[in-house]
Amino acid sequence: SRFGSFEEMLAHTAINVSVFSELYGNVDNVDFYVGGLLERKEVDSKGSGSEELGETFAAVIREQFQRFRTSDRFWYEWQPKLAAFVENRGLQQVIEDNVPGDKSVPMPFMLATAVEDVKCEDSGLSVELGKLGITMAWSVVDARDIKFHFSGPQGDYQWVGVG
């Protein structure tokens, strides 16, 4: 819904109303992006809302995803057999179909051992990911990037995350 005043717009924030009043002059002059960030988070008990976005951004993103789906001729729902197959499967079944070895993976992302007080500075720390037979290790690169190394039955993979 539309804000009627700066006081209404900023009521749930610590932002000084006079700063916005001086900067924009009128509520109608506030940028789309800034106004969208200031909206209260949308709460919808039906599951179609967002806990991170206000009404405007949630509507824009929802509309865009609906358009993507509608225009994608390969979208799984357009093929009834594929839709029936996909909708009755969970992540556990997908992992069991694609990971060799033990097929009983009740909680695939549970760590075999607890890792406490892990800090990014702890370079070289290695963790085995549940029953998947995959080991993940990471190290800090250039004081702000983190390099991840995964090794398992299918081979070794690396990924560098920019922090």
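Model, not experiment: these values are computed from the prediction. (Residues numbered from 1 in each chain as written. Predicted model: local features only at pLDDT ≥ 70, side-chain atom pairs only at ≥ 80, totals over all residues. Heavy atoms only, no water.)

Student: Tell me what's going on with the overall build of the protein, and back it up with residues and numbers.
Tutor: A tally of regular secondary structure across the protein gives 6 helices and 4 strands. Counting from the amino terminus, the protein carries its helices and strands in the arrangement α-α-α-α-α-α-β-β-β-β. For the protein, buried positions account for 20% of its 163 residues. Pairs at least 24 residues apart make up 16% of the contacts formed inside the protein by residues separated by at least 6 positions. (Helix = DSSP H or I, 4+ residues; strand = E, 2+ residues; numbered from the N terminus. Buried < 20%, exposed > 50% of the residue type's maximum accessible area, 1.4 Å probe, protein only. Contact = heavy atoms within 4.5 Å.)

Student: If you had to explain the pattern of salt bridges to someone new, which residues and values would you point to?
Tutor: This model, assessed by the stated rule, comprises 1 salt bridge. Taking the shortest distance from any N to any O, the salt bridge between Arg 67 and Glu 63 comes out at 2.8 Å. Of this pair, Arg 67 and Glu 63 are both found in helix H4 (residues 55–71), 4 residues apart, which corresponds to roughly one turn of the helix. Residue class for Arg 67 comes out exposed when judged on its relative accessible area of 53%. A relative accessible area of 36% means that Glu 63 is categorised as partly exposed. (Salt bridge = Lys/Arg side-chain N within 4 Å of Asp/Glu carboxyl O.)

Student: Describe the layout of surface pockets, naming the residues involved and giving the relevant values.
Tutor: Empty space within the largest pocket amounts to approximately 220 Å³. Taken together, 13 residues line the largest pocket, and the ones lying closest to its centre are Phe 3, Met 9, Val 27, Val 30 and Gly 35. At 3 residues, the largest contribution of residues to the lining of the largest pocket is made by helix H3 (residues 32–38). Of the residues assigned to the lining of the largest pocket, the class counts are 5 nonpolar, 4 polar and 4 charged. (1 Å grid on protein atoms, 1.4 Å probe; cavity = no way out; pocket = protein on both sides within 12 Å on 5 of 7 lines; lining within 4 Å. Points joined across faces, edges and corners; volume = space filled by probe spheres on them. Nonpolar A, V, L, I, M, F, W, Y, C, P; charged D, E, K, R; others polar.)

Student: Which residues make up the nonpolar core, and what values do they have?
Tutor: With 9 residues, the main nonpolar core is built from Phe 3, Phe 6, Met 9, Leu 10, Phe 20, Tyr 24, Val 27, Val 30 and Leu 38. The set of elements that each furnish at least two residues to this core consists of helix H1 (6–10) and helix H2 (17–24). Looking at which element gives the most residues to this core, the answer is H1, with 3 residues. Sequence-distant contacts of Phe 20, defined by excluding residues within four places in its chain, comprise Phe 6, Met 9, Leu 10, Ile 15, Gly 25, Val 34 and Leu 38. (Core = buried A, V, L, I, M, F, W, Y, C linked by side-chain atoms within 4.5 Å.)

Student: Requested: an account of the confidence of the model for the protein, with residues and values cited.
Tutor: Here the protein shows a mean pLDDT of 75. Residues at 70 or above account for 66%. Confidence scores differ between elements of the protein, with strand E1 (residues 125–129) showing the lowest mean pLDDT of 59 and H2 the highest of 91. (pLDDT = per-residue confidence, 0-100.)

Student: Now, about a nonpolar patch on the surface: what can you tell me, with residues and values included?
Tutor: A grouping of Phe 32, Tyr 33, Leu 37, Val 60, Ile 61, Phe 65 and Phe 68 is seen on the molecular surface, where their side chains present a nonpolar patch of about 760 Å² in accessible area. Taken together, the elements giving at least two residues each to the nonpolar patch come down to H3 and H4. Among the elements that make up the nonpolar patch, the one with the highest residue count is H4 (4 residues). Along the chain, Tyr 33 falls in helix H3. With a relative accessible area of 54%, Tyr 33 lands in the exposed category. (Patch = residues over 30% accessible without salt bridge, like charges linked within 9 Å, V, L, I, M, F, W, Y side chains within 5 Å. Areas by Shrake-Rupley, 256 points an atom, 1.4 Å probe, with all protein chains shown as cover.)

Student: Give a description of the packing of aromatic side chains that names residues and reports values.
Tutor: Following the criterion strictly, the structure yields 6 aromatic pairs and no others. Pairing Phe 32 with Phe 57 gives two aromatic rings, centres 5.5 Å apart and planes at 55°, and the pair type is tilted. Here Phe 32, found in helix H3, pairs with Phe 57, found in helix H4; they are 25 residues apart in sequence, far enough to count as distant. Judged by relative accessible area, Phe 57 falls into the buried class, the value being 12%. Considering the side-chain rings of Tyr 33 and Phe 57, the 5.9 Å spacing of their centres and the 35° angle between planes classify their relative orientation as tilted. Of the two residues, Tyr 33 is situated in helix H3 and Phe 57 in helix H4; the sequence distance between them amounts to 24 residues. (Phe/Tyr/Trp six-rings, centres within 6.5 Å; stacked < 30°, edge-to-face > 60°.)

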